[in-house]
Amino acid sequence: MDLASLLLFIPACFALNMAPGPNNLLSLHNASRYGLRTACVAGGGRIVAFSGMIALAAMGLAVVLHTSEYLFLAIKVIGAAYLFYIAWQLWRAPVGEAVVAGDHPRGTWRLARQEFWVAAGNPKAILIFTAFLPQFVSVGGATPVSEQFLWLGVLFLLLEWAAIAIYAGLGAYMQRWFSQPGPRRMFNRVSASLLGCAGLGLLAARR
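Residues numbered from 1 in each chain as written. Predicted model: local features only at pLDDT ≥ 70, side-chain atom pairs only at ≥ 80, totals over all residues. Heavy atoms only, no water.

Enquirer: It is not clear to me how the overall build of the chain should be interpreted in this structure. Could you clarify?
Expert: When you go through the chain residue by residue, the secondary structure sums to ten helices and zero strands. Order of helices (α) and strands (β) in the chain, N terminus to C terminus: α-α-α-α-α-α-α-α-α-α. Here the chain holds 207 residues, and 42% of them are scored as buried. Restricting the contact set of the chain to residue pairs at least 6 apart, pairs at least 24 apart contribute 87%. (Helix = DSSP H or I, 4+ residues; strand = E, 2+ residues; numbered from the N terminus. Buried < 20%, exposed > 50% of the residue type's maximum accessible area, 1.4 Å probe, protein only. Contact = heavy atoms within 4.5 Å.)

Okay, structure coming up:
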């Protein structure tokens, strides 16, 4: 990619990374409850899901999702149901004790699985990769298309992890404000409501 294309790709890509979607909301919430490090490590689940989507887009398999109405519907219904499930868990979460930052590894693994399934359950994500990344691929250049797609995908994932760190940093900063049961309950329920709205938005999404 030439310098002009790179200077266009980075801000456009980072704008996508920073969009306030359900995964970024999870990072914000996880950091406010478990600390910055745990939220950043848990974000690895999202990176794994997005890596798989970028690979599918590079191989052209995303076209199947784009053309299959039933497959798109099935994935978005499952993804929305999972968002509703997490929202319900947050709404009912106990708030009596503040959790010490740096939860045990098993808890971090559970949060990483949440990040993975929320990302994997959003069919719009793979369609974004299919529509966005190829715009910056130069066909007929000296570098093979597959190699260009690889480097674009790597850059996207690095910027995605930067977005995870930013949202997690904001959540960690908010941690001290939500150490009491009352504010913690309010924050949990606001987060649950936003995740529920994201689930409704996913159900309303079209290809």
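Enquirer: When you look at helix α2 (residues 22-34) in this model, what are you seeing that I'm missing?
Expert: Think of an α-helix as turning once every 3.6 residues; residues three or four places apart then point the same way. The end-to-end C-alpha separation of α2 is 18 Å, in line with the 18 Å expected for 13 residues at 1.5 Å each. Downstream of α2 by a residue or two, G35 has a phi angle that is positive, lying close to 110°. (Expected span 1.5 Å × (residues − 1).)

Enquirer: Looking at this model, I keep getting lost on the nonpolar core. Mind explaining?
Expert: The nonpolar side chains of a soluble globular protein tend to be buried, and buried together. By size, the foremost hydrophobic cluster in this structure holds 24 residues, and its most contacted members are F9, F50, I54, F129, L133 and F156. Going through the elements one at a time, α1 (3-18), α4 (44-59), α8 (123-132) and α9 (145-174) are the ones with two or more residues in this core. (Core = buried A, V, L, I, M, F, W, Y, C linked by side-chain atoms within 4.5 Å.)

Enquirer: Help me out: how do you make sense of the side chain of N17 in this one?
Expert: Tracing the sequence through the fold places N17 in helix α1. Within the structure, N17 has its side chain in polar contact with the side chain of E160 (distance 2.7 Å). (Polar contact = N/O pair within 3.5 Å; in protein donor to acceptor, adjacent residues only side chain to side chain.)

Enquirer: What's the story with the packing of aromatic side chains in this structure? I'm lost.
Expert: Both the distance between ring centres and the angle between the ring planes are used here to describe each pair of aromatic rings. Throughout the structure, instances matching the rule amount to two aromatic pairs. A ring pair is formed by F50 and F156, whose centres lie 6.3 Å apart and whose planes are at 70°; its orientation type is edge-to-face. Taken as a pair, F50 in helix α4 and F156 in helix α9 lie far apart in primary sequence, 106 residues in all. Just as F50 is buried, F156 falls in that class too. (Phe/Tyr/Trp six-rings, centres within 6.5 Å; stacked < 30°, edge-to-face > 60°.)

Enquirer: Is there a simple way to explain a nonpolar patch on the surface in this structure?
Expert: A surface patch of nonpolar side chains, amounting to about 400 Å² of accessible area, comprises L73, V77, F84, L200 and L203. Elements represented by at least two residues in the nonpolar patch include exactly α6 (69-91) and α10 (181-204). One can find L203 in helix α10. (Patch = residues over 30% accessible without salt bridge, like charges linked within 9 Å, V, L, I, M, F, W, Y side chains within 5 Å. Areas by Shrake-Rupley, 256 points an atom, 1.4 Å probe, with all protein chains shown as cover. Salt bridge = Lys/Arg side-chain N within 4 Å of Asp/Glu carboxyl O.)

Enquirer: Got a minute to help me understand the confidence of the model for the chain in this structure?
Expert: For residues with low pLDDT, the predicted coordinates do not support detailed interpretation. Taken over all residues, the pLDDT of the chain has a mean of 78, while the share at 70 or more is 79%. Between the elements of the chain, mean pLDDT differs from a low of 60, seen in helix α5 (residues 62-67), to a high of 93, seen in helix α3 (residues 36-42). Long-range and interchain partners of residues 98-105, a stretch whose pLDDT sits below 50, account for 13 contacts in this model, where long-range means more than four residues apart. (pLDDT = per-residue confidence, 0-100.)

Enquirer: Would you mind going over the pattern of salt bridges with me for this structure?
Expert: Pairing is possible between side chains that carry opposite charge, provided their charged atoms lie close to one another. A complete count under the given rule lists two salt bridges for this structure. A salt bridge links E115 to R46; its shortest N-O distance comes to 3.1 Å. Of this pair, E115 sits in helix α7 (residues 105-120) while R46 sits in helix α4, and the two are 69 residues apart along the sequence. The exposure classification of E115 matches that of R46, with both residues buried. Its salt-bridge partner being E160, residue R46 comes within 2.6 Å of it at the nearest N-O pair. Remark: E160 occurs in helix α9 and R46 occurs in helix α4; sequence separation between them is 114 residues. For the pair formed by R46 and E160, the shared burial category is buried.

Enquirer: Would you mind going over the environment of S5 with me for this structure?
Expert: Checked against the element boundaries, S5 lands in helix α1. Placed 132 residues apart in sequence, S5 and V137 show a C-alpha to C-alpha distance of 9.5 Å.

Enquirer: It is not clear to me how the packing of α4 against α9 should be interpreted in this structure. Could you clarify?
Expert: Relative placement of two packed helices is described by the angle separating their axes and the distance separating the axes. At their nearest, the axes of α4 and α9 sit 10 Å apart, and the two run at 155° to each other. Viewed along their axes, α4 and α9 adopt a mutual orientation that is roughly antiparallel. Crossing geometry of α4 relative to α9 is assigned as right-handed. Taking contact as the criterion, the partners of G44, R46, I47, F50, S51, I54, A57 and A58 in α4 are, on α9, F149, G153, F156, L157, E160, W161 and I164. A class-by-class count of the residues in the contact of α4 with α9 yields ten nonpolar, three polar and two charged. (Axes fitted to C-alpha atoms, helices over the stretch in contact; angles between N-to-C directions. Parallel < 35°, antiparallel > 145°, perpendicular 65-115°, else oblique. Left-handed = near helix turned anticlockwise from the far one by under 90°. Nonpolar A, V, L, I, M, F, W, Y, C, P; charged D, E, K, R; others polar.)

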